[in-house]
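Results of the structural survey
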Amino acid sequence: MYGMEYIKYGIAYITTYICFSNIRGEVMNRVQKTAGLLVVTISVGVTFSIAATSLLYVRLGMPRAWAGLAFLAVAGLGGLGPLVFKKDKGPVTCDERDRIINRRAALAAFTAAYLFVGLACMLPFFVLGPDGSISVTWLPMIFMGAGLITFFVHSAAILVQYGWRDKDGEN
Amino acid sequence: MGKTELTNQIRRLRFENGEMTQQQLADKVAVTRQTIIAIESGKYAPSLPLAFRIARAFDVPIEQVFQYEDK
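First things first, this report covers the structure right here in the doc. (Residues numbered from 1 in each chain as written. Chains lettered and ligands numbered in written order. Predicted model: local features only at pLDDT ≥ 70, side-chain atom pairs only at ≥ 80, totals over all residues. Heavy atoms only, no water.)

**Observations concerning the packing of helix H5 (residues 96-128) of chain A against helix H6 (residues 138-161) of chain A**
Packed helix pairs are characterised by how far apart their axes lie and by the angle those axes make with each other. All names here are of chain A. Orientation of H5 relative to H6, taken along the N-to-C sense of each, is 150°, at an axis distance of 8 Å. Crossing angle aside, the handedness with which H5 passes H6 is right-handed. When the residues that make up the contact of H5 with H6 are grouped by side-chain class, the tally is 17 nonpolar, five polar and two charged. (Axes fitted to C-alpha atoms, helices over the stretch in contact; angles between N-to-C directions. Helix = DSSP H or I, 4+ residues; strand = E, 2+ residues; numbered from the N terminus. Left-handed = near helix turned anticlockwise from the far one by under 90°. Nonpolar A, V, L, I, M, F, W, Y, C, P; charged D, E, K, R; others polar.)

**Observations regarding helix H2 (residues 22-29) of chain B**
In an α-helix, one turn spans 3.6 residues; hence positions three or four apart end up facing the same way. All names here are of chain B. For H2, the set of buried residues is Gln22, Leu25, Ala26 and Val29. Mapping the buried residues of H2 onto a view down its axis gives an arc of 100°, with all of them on the same face. On the buried face of H2, the contacting elements are helix H1 (10-16), helix H3 (33-40) and helix H4 (48-58). Positive backbone phi, at 60°, marks Ala30, one or two positions downstream of H2. (Buried < 20%, exposed > 50% of the residue type's maximum accessible area, 1.4 Å probe, protein only. Arc of directions from axis to C-beta. Contact = heavy atoms within 4.5 Å.)

**Concerning the layout of surface pockets**
All names here are of chain A. By volume, the second largest pocket amounts to about 400 Å³. Along the walls of the second largest pocket sit 16 residues, with Ile50, Trp66, Leu69, Trp138 and Met141 positioned nearest its centre. Going through the elements one at a time, helix H2 (30-59), H5 and H6 are the ones with two or more residues in the lining of the second largest pocket. Broken down by element, the lining of the second largest pocket gets its largest block of residues, six residues, from H6. (1 Å grid on protein atoms, 1.4 Å probe; cavity = no way out; pocket = protein on both sides within 12 Å on 5 of 7 lines; lining within 4 Å. Points joined across faces, edges and corners; volume = space filled by probe spheres on them.)

Now the structure itself:
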């Protein structure tokens with residue numbers, strides 16, 4: 001279970017890094033911090049959910065293994081970002097560059113969600129054939145998955161476009 | 001079409017204008033300090049209106065602030 005230890009320390013490091021980035025003199029705006037938190041919480045939530053569901057499936061089988069998905073609640077903690085991180089200082093908190101970055105990130109998120117839903121619809125058709133059927137319980141799962149992918153890709157695209165962190169420029 | 005690059009003299013102009021800080025310039029042209037940092041380092045090419053606002057903040061023509069060169 002060394003993997004879990006690495007994940008725990010990884011979360012602690014990234015969260016501390018985000019919270020104290022300003023003290024270290026790096027410029028990171030509120031949107032970046034919120035995006036960073038979302039990437040961490042979604043990654044952790046999904047990883048733990050997959051691990052727990054797999055473990056429960058081996059030990060207890062279905063449908064009890066679905067309880068492992070409860071770890072997805074961790075991903076919901078990312079929604080606390082706007083409450084945790086204070087508003088940026090200065091009279092201007094959002095300008096043309098921020099709007100361009102957000103628009104591109106939204107486009108990337110939409111594309112990812114569209115591909116995910118498309119794949120989720122087409123895969124059973126090709127695997128099971130035209131006469132096959134799947135349980136309707138997969139529909140809320142697809143919906144939830146699309147939501148998670150949208151938030152994850154949007155946040156990751158924001159971080160990538162800002163360059164993860166903009167180094168403090170010389171004054 | 002050859003590769004082009006937008007260079008700028010913002011850092012030099014800031015120092016020539018009473019050692020203006022990035023935050024002061026950002027406030028003058030109504031953007032965030034992050035954007036000024038990105039423009040100065042050449043990571044972001046500003047819109048034409050913003051480029052004009054920056055030039056006006058230094059009271060110089062726009063071509064003294066930004067240069068467009070074929071690479």
